[in-house]
2 protein chains.
Amino acid sequence: MQDVKEFSPACPLPIEQYPQVLLAHGGGGRLMHQLIEQVFVGAFGNPLLNARHDGATFRLGGARVAFTTDSYVVRPLFFPGGDIGTLAVNGTVNDLAMCGAQPLYLSSAFILEEGMPVETLWRVVQSMKRAAAEAGVSLVTGDTKVVDRGKGDGIFINTAGVGIVEHGLDISPASVRGGDVILLSGDIGRHGIAIMAAREGLEFECAVESDCAPVADLVMRMLDEGIEVHCLRDLTRGGLTSALVEIAEAACVRVQLDEQAVSVREDVRGACEILGFDPFYLANEGRFVAFVAPRDAERALEIMRSHPTGEGASLAGRVAESGNPLVTLRSRIGTSRILDMFSGEQLPRIC
Amino acid sequence: MQDVKEFSPACPLPIEQYPQVLLAHGGGGRLMHQLIEQVFVGAFGNPLLNARHDGATFRLGGARVAFTTDSYVVRPLFFPGGDIGTLAVNGTVNDLAMCGAQPLYLSSAFILEEGMPVETLWRVVQSMKRAAAEAGVSLVTGDTKVVDRGKGDGIFINTAGVGIVEHGLDISPASVRGGDVILLSGDIGRHGIAIMAAREGLEFECAVESDCAPVADLVMRMLDEGIEVHCLRDLTRGGLTSALVEIAEAACVRVQLDEQAVSVREDVRGACEILGFDPFYLANEGRFVAFVAPRDAERALEIMRSHPTGEGASLAGRVAESGNPLVTLRSRIGTSRILDMFSGEQLPRIC
């Protein structure tokens, strides 16, 4: 047993400034990253956690194993294109895929609020079953807790996932190199708009459905074809911009994004204009970026475009040969500006 | 993609009887088991889940891997002998140990309520760090969600765990045999009383501290010494009785428990009398039962008693050579009665 004293440093967060947890601490932006870096990485710090990736990869016996977790608190529980159950399976499946792992096993832990209709739970569980079958994973262990009325919000789900890494690549920010191309798997912003519309009861001319989908099959295909993938990241909370800023900072590289190559559907763009959202920050649940060695760019794009979850793939940017950690956006009219994480909260409880 | 229709059966729970989720659905008793069996095992059912154990064990590459999860919603967050952070680490470490696995890696996912003091989170995280160091595990991946004020209860934590199984035994209810001895690792009921006292602001003559502790080191020692362990189960929600009833039902065996060999501390017994609790149903967080081949009973007890977390171990019961799935208690005065799970809720949010 270790000495207790060495473990009791003062909290490194600026507590005077933020004495209480804010919604923005879970929003995928700067405040969340401050919390993660200073509290969690600060306390638990170890080489695996320090990799700042969507999951941890380690050796067990002879196998290379990936391990990840996410809790899902989306509101409302059901939305166009999915529900909390679909999300809870696909989100964790995708985080494993982002480690370059074949997803195999999921846990599912439920925190239910007293008084929630059992029928609602049943619908969610059926969605999880369907999503697991579609993604080719098994739900093998679980837990159920019930909290008293008013101390939860219907249903929260945690899934953790275990997958196997069957290639020799190290897919993580540390592998990103100058010259890498950045491939974007499709149009962005649909999940955020679908949630927002469902939450506020908004009706747009065409209903926007969430892009929620498992992307592991596409990722496995790229790896099977020998594409030299350096890093992968799904574009969930904080959207495309936050994902790229995270990677630029973790890898200490400069990322140049090309606005023209980033597809946003007309209905999503319209909804964003009405609601005052920027699609570059909106959450997606079936989109990712791949940092790939430049010589494999064309072949990787072909593979992506031939797969249902990558049909709209584009070469959206590049890693500069040198420069400070930064993400710049080259606009349609040729100007360039810096993209940063937002510090507050655009849209809480998106996943 | 599979046909959606085949996945939409009607909910098998008696919804007319329980249209809403009750606190008892998370209480470790009969209602929780009905929910798990009919909804979760019913929907997700696969051989690993069907083993009805504290975690799943499977092969990955050449390795035998154990995988488990639990969410922690204990109220209050801090109690004599531990807090939600200690619990979140030890609970999952112990579930891995109950699979006969050496715990290695944990995930930690936080659901925070807007407005919670950051200082409280920091204290909990420090506890997790200490508990992880004590149990010899690393926290390698995580997640943070924030829910709006009034939609959570300060802090909920989920941990999932991955461990490695380095022996040839199949430690699960299916391995339990007639004649097995049942070893109990120590006195029971302390965690339940500690929580209850902290929650209600009760002060007993001597403060009862939770027994919260990691038991993996003791379990590994038993396995290293070649003890033929058939099944292990920690005595959390529902306590000793529910654990034994679960195993008796899953293994289809009759279990005979000896009241005289079950140690309950005087202060715990006194508190139970005042509060109207039965210590046989109270939660523990550092106690377990081991079903062991009879020829190894003496040696196993010696190993347990020589370890800090098993000092008070006893031979508490036996598996009958035949009989229906049932747990019977032989009292101090020689009479015998049947023990069953409670159907309602003795003490909600104990872990």
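Computed from a prediction, not measured in an experiment: that's the story for all the values here.

Procedures and definitions
Residues numbered from 1 in each chain as written. Chains lettered and ligands numbered in written order. Predicted model: local features only at pLDDT ≥ 70, side-chain atom pairs only at ≥ 80, totals over all residues. Heavy atoms only, no water. Pairing = 2+ DSSP bridges. Helix = DSSP H or I, 4+ residues; strand = E, 2+ residues; numbered from the N terminus. Axes fitted to C-alpha atoms, helices over the stretch in contact; angles between N-to-C directions. Contact = heavy atoms within 4.5 Å. Buried area = accessible area lost by both parts, 1.4 Å probe. Salt bridge = Lys/Arg side-chain N within 4 Å of Asp/Glu carboxyl O. Least-squares fit on C-alpha atoms with pLDDT ≥ 70 in both. Buried < 20%, exposed > 50% of the residue type's maximum accessible area, 1.4 Å probe, protein only.

1. Comments concerning the sheet that holds strand 12 (residues 314–319) of chain A
To summarise the sheet geometry, strands pair through backbone hydrogen bonds and adopt either a parallel or an antiparallel arrangement.
Residues and elements named next belong to chain A.
So, point 1. In spatial order, the strands read 9-11-8-12-10-13-14; together these 7 strands make up an open sheet with mixed pairing. In this open sheet, the two edge strands, each paired with only one partner strand, are strand 9 (229–234) and strand 14 (336–339). Going from strand to strand, the sheet's axes swing by 25° on average, the running direction of each strand aside.
So, point 2. Note: strand 8 (residues 181–184) against strand 11 (residues 288–292), 4 bridges, orientation antiparallel. Considered in strand 11, the bridge of Leu183 is made with Ala290.
So, point 3. Across the sheet, helix 3 (residues 84–98) is in contact with strand 9 and strand 11; its angle to strand 9 comes to roughly 160°.

2. Some details on the sheet that holds strand 7 (residues 155–164) of chain A
Residues and elements named next belong to chain A.
So, point 1. Read from one edge of the open sheet, 5 strands run 1-2-7-5-6, paired in mixed fashion. Both edges of this open sheet fall to strand 1 (56–60) and strand 6 (138–147), since each of them pairs with a single strand only. On average, adjacent strands in this sheet sit at an angle of 20° to one another, irrespective of strand direction.
So, point 2. With 10 bridges joining them, strand 5 (residues 102–113) and strand 7 adopt antiparallel strand pairing. Across the sheet, the residue bridging to Ile111 is Phe156, located in strand 7.

3. Remarks on the interface of chain B and chain A
So, point 1. Taken together, the contact between chain B and chain A spans 96 residues of the former and 96 residues of the latter.
So, point 2. Between chain B and chain A lies a buried interface of about 8,100 Å² when both sides are counted; carbon and sulfur atoms form 69% of it.
So, point 3. Summed over the three residues of chain B that lose the most area to chain A, namely Val21(B), Phe44(B) and Trp122(B), the buried surface amounts to 9% of that side.
So, point 4. Run the count over chain B and chain A and you get 8 salt bridges.
So, point 5. Put simply, Asp70(A) and Lys145(B) hold a salt bridge, and the shortest N to O gap is 3.7 Å.

4. Quick look at the relation of the copies chain B and chain A
So, point 1. Expressed as a screw transformation, the operator carrying chain B onto chain A has a rotation angle of 180° and an axial translation of 0.0 Å, and the superposed copies differ by an RMSD of 0.0 Å. Here the symmetry operator amounts to a two-fold rotation axis. Among all residues of chain B, the minimum C-alpha distance to the rotation axis is found for Gly152(B), at 2.2 Å.
So, point 2. The fraction of interface residues of chain B whose copies in chain A are also interface residues reaches 100%, indicating that both copies meet through the same surface.

5. Some thoughts on the pattern of salt bridges
All names here are of chain A.
So, point 1. Using the criterion set out here, one finds 34 salt bridges over all chains in the structure.
So, point 2. Among the ionic pairs, Asp54 bridges to Arg233, the shortest N-O distance being 3.6 Å. Taken together, the positions of Asp54 in the loop between helix 2 (47–50) and strand 1 and Arg233 in strand 9 put the pair 179 residues apart, joining distant regions of the chain. Per residue, the accessibility class of Asp54 equals that of Arg233, and both read buried.
So, point 3. The salt bridge involving Asp143 is made with Lys145; its shortest N-O contact spans 2.8 Å. As far as the burial class goes, Asp143 and Lys145 line up, both buried.

6. Focus on the side chain of Ser314(B)
So, point 1. Mapped onto the elements of the fold, Ser314(B) is located in strand 12 (residues 314–319).
So, point 2. If we skip the residues at most four places from it in the chain, Ser314(B) touches Ile182(B), Leu183(B), Leu184(B), Ala261(B), Leu301(B) and Arg305(B).

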